Amino acid sequence: MSKPCVVIAFYKPDGVLSAFTDTAGRSTLKDYIHVPDVYPVGRLDLDSEGLLLLSNDGDLIHRLTHPRHHVPKTYLVQVEGIITPEAVAALQRGVVVKGRRTQRCQVVVIPEPALPPRQKPVTPHGPTSWLRIVLFEGMKRQIRHMTAAVGFPTLRLVRVAVGPITLEGLLPGQWRFLSPLEIERLQRVSR
């Protein structure tokens, strides 16, 4: 008999590795989550924060992370400078990152969102802009590479949703189990 599918929504703080072990002694998922046999669904780099899903279902993890399934991942991104309409349009069309053009994505300039403070605050050297970016793929450090390619380096990156699952109700370092209905919606969006 197979184990029931478990999915956890975790608000990963900045400075926490998206893994359970680290040889360099950095903060890891093990410092927050004490549920056996769950694994991260993709990654958020050390400096990024926000929604990280974990699951015991390898098939679901694969479907949520493989670009073929086009599962939307939504980010709030603070960039250095006042971003131009031309830079936004370039991001939407796709930019070349490490010799490969990124897929089309959704990019909208937004007012500064109400987010919890970071453990290590961002200290901009001038004006900044906030973007809402929805990706349907996930290359390593993709958003940071994309915004740098159009001349607006990323200062803060917060993933706020994976498919229909959001950070709602969680603060940095908190996590919760997804309900059976939420798991079903996640499975449906990744088919």
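Residues numbered from 1 in each chain as written. Predicted model: local features only at pLDDT ≥ 70, side-chain atom pairs only at ≥ 80, totals over all residues. Heavy atoms only, no water.

A.B. asks: What exactly am I supposed to notice about the overall build of the protein chain here?
C.D. replies: Each helix and strand in the protein chain was counted, giving four helices and 11 strands. For the C-alpha atoms alone, the extent of the protein chain along its principal axes is close to 55 × 35 × 30 Å. Here the protein chain holds 191 residues, and the buried ones make up 46% of them. Relative to all contacts within the protein chain whose residues are 6 or more apart in sequence, the contacts with residues 24 or more apart total 71%. (Helix = DSSP H or I, 4+ residues; strand = E, 2+ residues; numbered from the N terminus. Buried < 20%, exposed > 50% of the residue type's maximum accessible area, 1.4 Å probe, protein only. Contact = heavy atoms within 4.5 Å.)

A.B. asks: Got a minute to help me understand the pairing of strand S4 (residues 73–80) in this structure?
C.D. replies: Two faces, one strand: in a regular strand the side chains alternate between the faces of the sheet. Of all the eight residues making up S4, seven are buried; the element is thus mostly covered by neighbouring parts of the structure. Strand direction decides the pairing type here: S4 and strand S8 (residues 128–135), joined by eight bridges, are antiparallel. Residue pairing across strands places Gln78 opposite Trp130, the latter belonging to S8. Sheet analysis places S4 next to strand S9 (residues 154–162), joined by seven bridges and oriented antiparallel. Looking at S9, one finds that Tyr75 is bridged to Arg159. (Pairing = 2+ DSSP bridges.)

A.B. asks: Looking at this structure, how should I read the environment of Gln174?
C.D. replies: In this fold, Gln174 is placed in the loop between strand S10 (165–166) and strand S11 (175–177). Spatially, the C-alpha atoms of Gln174 and Arg43 are 17 Å apart, while their sequence positions differ by 131 residues. Setting aside residues no more than four positions away along its own chain, Gln174 makes contact with Ala9, Phe10, Tyr11 and Gly169. Engagement of the side chain of Gln174 in a polar contact is seen with the backbone nitrogen of Leu171, the distance being 2.8 Å. (Polar contact = N/O pair within 3.5 Å; in protein donor to acceptor, adjacent residues only side chain to side chain.)

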